[in-house]
Amino acid sequence: MNKTARPAVRPYIGGNWKMNLRLASAVELAETIHADLSGDAGGPQLDPRIDVAVFPPSPYLMSVGRAMGHGPPSLGAQDLSPHDDGAYTGQVSAGMLDDLNARWVLVGHSERRHGLEEPPETLRAKLVRALESDLETVFCVGETLEERESGDAESTIVGQVRSGLEGLAAPTPERIVVAYEPVWAIGTGRTAHPDDAEEAHRWIRRTLGELYDREFAAATRVVYGGSVTASNAAELFRRPEIDGGLVGGASLKADSFAAICRAAEARLGQTSA
Ligand code: PGA
């Protein structure tokens, strides 16, 4: 199955809380996840070679960050402004996120790309800004159901990766994660078949190789998102191309999110250098 040898990469799990929870429940969730993953709850510590981040609503970043101390997980923001400062009502800059100790940021999530109709140029500007800042980025791509059914999934995904990254200097691979999130699988309970997810991940990796080089493509983490649960995570993460997950609904419960993080531990033995 794994014809191209890849170096060992750190599995990546992100929990996107979207516009859910309130301050008290967000802090409680962060404390419980932190206690579980760090071993403070009495169980084993999550293997520190796994990168885990949670993405709370931006007003709660500081409180959630405090609740998690130095992690795990680390802290991420769901969006950033392409601008540094100025007359941009409602926007949040990379510098502000940095002040709140956010380490990661999502760019291109379908609820912004499609839901809010953010155009490719805006997403690219956000990606540029994130890469210029100290933030590490999860860049999300994925096709709609219509695009998949009409045979356009590959061209859509490749086009999204290209419009985000083409012409940009290669980031260090640790600083960017590409999330393949088929729009029809997000929040629907309908997960992509691992074969289809792997195929899409290969399209993404091939495109990264064309934009940069094979080493960059092999070292960059490509994760799957779309109805990942504690029950299907192990099957997805067993696939050599699937370096982890971006999790929505199942990240709102500490036990299911922790179980998904632990499902990624099996990859550590699998992806040896
Ligand atoms: P879901 O969301 O796990 O609820 O499908 C995934 C995402 O939006 O990243």
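See the structure printed just above.
So, a few notes on the structure that sits alongside this text. This structure is a prediction, so every number in the text was calculated from the model and none was measured.

Calculation notes
For every chain, the first residue of the written sequence is number 1, and numbering continues from 1 onward in sequence order. The predicted origin of the model limits local features to residues at a pLDDT of at least 70 and limits the giving and counting of side-chain atom pairs to 80 or more, whereas totals for whole chains, interfaces and linings rest on all residues. Working from all heavy atoms in the structure, the side-chain values ignore hydrogens and water. Strands here are runs of E lasting at least two residues and helices are runs of H or I lasting at least four, both read from the DSSP assignment and numbered beginning at the N terminus. Polar contact is the term for a pair of N or O atoms within 3.5 Å; when the atoms are in protein, one must be able to donate a hydrogen and the other to accept it, and sequence-neighboring residues count only if both atoms are side-chain atoms. Should any heavy atoms of two residues lie within 4.5 Å, those residues are considered in contact. Whether a residue is near a molecule or strand is decided by its heavy atoms; if any one of them lies within 4 Å of it, the residue is near. For the accessible areas, the method is Shrake-Rupley and the probe is 1.4 Å, while residue cover comes only from the protein chains on display. Working convention: axes come from line fits to C-alpha atoms, limited for helices to the stretch in contact. Angles between N-to-C directions cover 0 to 180 degrees. Two helices that cross are described as forming a left-handed crossing if the nearer one is turned anticlockwise from the farther one by less than a right angle, and a right-handed crossing if clockwise. Ten residues, namely Ala, Val, Leu, Ile, Met, Phe, Trp, Tyr, Cys and Pro, are considered nonpolar, four, namely Asp, Glu, Lys and Arg, are considered charged, and the remaining ones, Gly among them, are considered polar. Both cavities and pockets are sets of points on a 1 Å grid over the protein atoms alone; in a cavity a 1.4 Å probe fits but cannot get out, in a pocket the set is open with protein on both sides within 12 Å along at least five of seven lines, and lining residues sit with an atom within 4 Å of a point. Grid points are joined across faces, edges and corners, and a volume is the space filled by probe spheres set on the points. By definition here, a helix of n residues has an expected span of 1.5 Å times n minus one. Only protein chains enter the accessibility calculation, which uses a 1.4 Å probe. A residue is then buried if its area is under 20% of the maximum for its type, exposed if over 50%, and partly exposed in between. Working definition: the arc comes from the directions between the helix axis and the C-beta atoms, pointing outward to the latter.

### As for the side chain of Arg221
Assignment of secondary structure puts Arg221 in strand β7 (residues 221-225). For Arg221, the side chain forms a polar contact with the main-chain oxygen of Arg10, separated by 3.1 Å. Leave out the neighbours within four places in its chain, and Arg221 touches Val9, Arg10, Pro11, Tyr12, Asp51, Trp104, Glu174, Ile176, Val177, Val178 and Asp243.

### Digging into the environment of Ala185
With respect to the element layout, Ala185 can be found in the loop between β6 (176-180) and α8 (194-211). Once residues lying within four places of it in the same chain are set aside, the contact partners of Ala185 are Arg190, Thr191, Ala192, Tyr224, Gly226 and Ser227.

### Quick look at the site of the ligand
As a structural note, the neighbourhood of the ligand is formed by Lys18, His109, Glu181, Ala185, Ile186, Gly187, Gly226, Ser227, Leu246, Val247, Gly248 and Gly249. Between the ligand and the protein, one listed contact pairs an oxygen atom with a side-chain N or O atom of Glu181 at 2.6 Å. Gly187 has a polar backbone atom sitting 2.6 Å from an oxygen atom of the ligand. Contact with the protein chains covers 95% of the free accessible surface of the ligand, which is 280 Å².

### Quick look at unusual backbone geometry
The omega angle of the peptide bond from Gly71 to Pro72 is 0°, so this bond is cis rather than trans. With respect to the element layout, Pro72 can be found in the loop between α2 (61-68) and β3 (74-77). For Leu21, which is not glycine, the phi torsion reads 75° and is therefore positive. Within the secondary structure, Leu21 is located in the loop between β1 (12-16) and α1 (23-38). Positive phi outside glycine occurs at Ser227, with the angle close to 60°. Looking at where Ser227 falls in the secondary structure, it is placed in the loop between β7 and α10 (233-237).

### Let's talk about the packing of helix α7 (residues 153-165) against α8
Running from amino to carboxyl end, α7 crosses α8 at an angle of 40°, the nearest separation of the two axes being 10 Å. As α7 runs across α8, the sense of the crossing is right-handed. Only Ala200, Trp203, Ile204, Arg206, Thr207, Leu208, Glu210 and Leu211 of α8 make contact with α7, whose side of the interface consists of Ala153, Glu154, Ile157, Val158, Val161, Arg162 and Leu165. By residue class, the composition of the contact of α7 with α8 is 10 nonpolar, 1 polar and 4 charged.

### Describing empty space enclosed by the protein
Leftover empty space is mapped by rolling, across the atoms, a probe with the size of a water molecule. The tally for this structure, following the rule as stated, stands at 1 cavity of 30 Å³ or more. The space that makes up the largest cavity amounts to roughly 40 Å³. Every residue along the wall of the largest cavity is listed here: Gly108, Ser110, Arg113, His114, Cys140, Val141, Gly142, Glu181, Val183 and Ile186. Elements with a contribution of two residues or more to the lining of the largest cavity: α4 (110-113) and β5 (136-141). Partitioned by chemical class, the residues of the lining of the largest cavity number 4 nonpolar, 4 polar and 2 charged.

### A closer look at α1
With 16 residues, α1 extends 22 Å from end C-alpha to end C-alpha; this agrees with the ideal 22 Å at 1.5 Å per step. Those residues of α1 that fall on the buried side of the exposure criterion are Ala26, Val27, Leu29, Ala30, Ile33, His34, Leu37 and Ser38. For α1, the angular spread of buried residues about the axis comes to 160°, placing them on one side. Along α1, the residues that are exposed and aim more than 90 degrees away from the buried face are Ala24 and Glu28.

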